[in-house]
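# Structure assessment
The primary structure of each chain is shown beneath.
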Amino acid sequence: LGSMTKHDLLLEMQKDFNNMINSVKKYGGFYIGRYETGNLSQDIAVVQKGNTDINYQTWYTMYKKCKKLKGANKQVETGMIWGSQWDRTLMWLVESGNKSIAEICDDSTSWGNYNNATFTYTNSSGGTSTKSGSTLIPTGSADYTKANNIYDLAGNVRDWTLEAYSTYCRRVRGGYCNGNGDIGPASNRYTYGYPTSSNAGYGCRSALWMSS
């Protein structure tokens, strides 16, 4: 994070969290990215259907890119999703009747891109492919992975959050296409997310809320 110290980061994250909570109280909710965050190797990230640049970056890089998604818009704030926002989104899926507790917490194969799921999707060339095995798919490329118009909350890449684990890790959520839906369901909190790690299994989900 450049010249930012640990203390600076703590103060920034605490301020952002407080602002998000105040915004939710005032406006009644928040938004999350319909797709996993893309263009992560570019200067400006996007939340865009069909993006494939969704992994191989560290938590620190994704943290900065998610904060910049709002651009010059001063009416909103953006950032990487908090763990509490992830949990609230999953509760909303259940409350709306879109998913059951079992589909959220026990096995998400029926609606997520996992190694043991098979479905059709739109590939990066615009054609239709049948997915099988541990294939990473472009963002928003299969209705199979959609819940309440949000894609890939289960499987595909694990999504980094701002939630901490101990003093050295950040939580990643939602499972991975290389695993099975009963091992990493949508509710899964993957423990060993070192923020300096960058690999095929780690992406991120962005959130947006109104400036309070």
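Look a little higher up for the structure.
This report concerns the structure included in the present document. As the structure is a prediction and not an experimental result, all values here were calculated from the model.

## Describing the overall build of the protein
- Along its length, the protein carries four helices and 11 strands.
- A globule of 212 residues ought to have a C-alpha radius of gyration of about 17 Å, and the protein, at 16 Å, matches this closely.
- A principal-axis box enclosing the C-alpha atoms of the protein has dimensions of 45 × 35 × 35 Å.
- Buried residues in the protein amount to 46% of all 212 residues.
- Across the protein, the fraction of contacts at a sequence separation of at least 24, relative to all contacts at a separation of at least 6, is 61%.

## A look at the state of the cysteines
- Taken as a whole and assessed by the stated rule, the structure comprises zero disulfides.
- Left without a disulfide partner, Cys177 is nearest to the cysteine sulfur of Cys204, which lies 16 Å away.
- The class for Cys177 is buried, based on a relative accessible area of 3%.

## Describing the packing of aromatic side chains
- One pass over the structure, following the stated rule, counts eight aromatic pairs.
- Measuring from ring centre to ring centre gives 4.9 Å for Phe17 and Trp82, while their planes differ by 65°; the resulting arrangement is edge-to-face. On the criterion of sequence distance, the pair formed by Phe17 in helix 1 (residues 6-27) and Trp82 in the loop between strand 2 (76-80) and helix 3 (83-95) is long-range, its members being 65 residues apart.
- Among the residues examined, Phe17 registers a relative accessible area of 26% and is labelled partly exposed.
- Its relative accessible area of 10% is what places Trp82 among the buried residues.
- Look at Trp59 and Tyr60: their rings are 5.3 Å apart centre to centre, the planes differ by 85°, and that puts the pair in the edge-to-face class.

## Concerning the nonpolar core
- Counting residues in hydrophobic clusters, the biggest one holds 30 residues, and the most contacted among them are Met80, Trp111 and Trp160.
- Ranked by size, the runner-up nonpolar core spans five residues in total, among them Ala117, Phe119, Tyr121 and Ile137.

## Topic: helix 2 (residues 59-67)
- Along helix 2, the residues that are buried comprise Trp59, Met62, Tyr63, Lys65 and Cys66.
- Turning to helix 2, the residues buried within the fold contact helix 1, strand 2, strand 7 (158-165), strand 8 (169-173), strand 10 (202-204) and strand 11 (206-210).

## Side note on helix 3
- With 13 residues, helix 3 extends 18 Å between its outermost C-alpha atoms, agreeing within 8% with the 18 Å of an ideal straight helix rising 1.5 Å per residue.
- Of the residues one or two after helix 3, Gly97 is the one with positive phi, at around 85°.

## Description of the pairing of strand 4 (residues 128-131)
- Of the two faces of strand 4, only one is covered, namely that formed by Ser129 and Lys131; the face formed by Thr128 and Thr130 stays uncovered.
- In textbook terms, the turn of a hairpin is the stretch between consecutive antiparallel strands, and for strand 3 (residues 119-122) and strand 4 this stretch comprises five residues, one of which, Gly126, has a positive phi near 90°.

Cut-offs used in this document
- Residues numbered from 1 in each chain as written.
- Predicted model: local features only at pLDDT ≥ 70, side-chain atom pairs only at ≥ 80, totals over all residues.
- Heavy atoms only, no water.
- Helix = DSSP H or I, 4+ residues; strand = E, 2+ residues; numbered from the N terminus.
- Rg over C-alpha atoms; globule rule 2.2 N^0.38 Å.
- Buried < 20%, exposed > 50% of the residue type's maximum accessible area, 1.4 Å probe, protein only.
- Contact = heavy atoms within 4.5 Å.
- Disulfide = S-S within 2.5 Å.
- Phe/Tyr/Trp six-rings, centres within 6.5 Å; stacked < 30°, edge-to-face > 60°.
- Core = buried A, V, L, I, M, F, W, Y, C linked by side-chain atoms within 4.5 Å.
- Expected span 1.5 Å × (residues − 1).
- Pairing = 2+ DSSP bridges.

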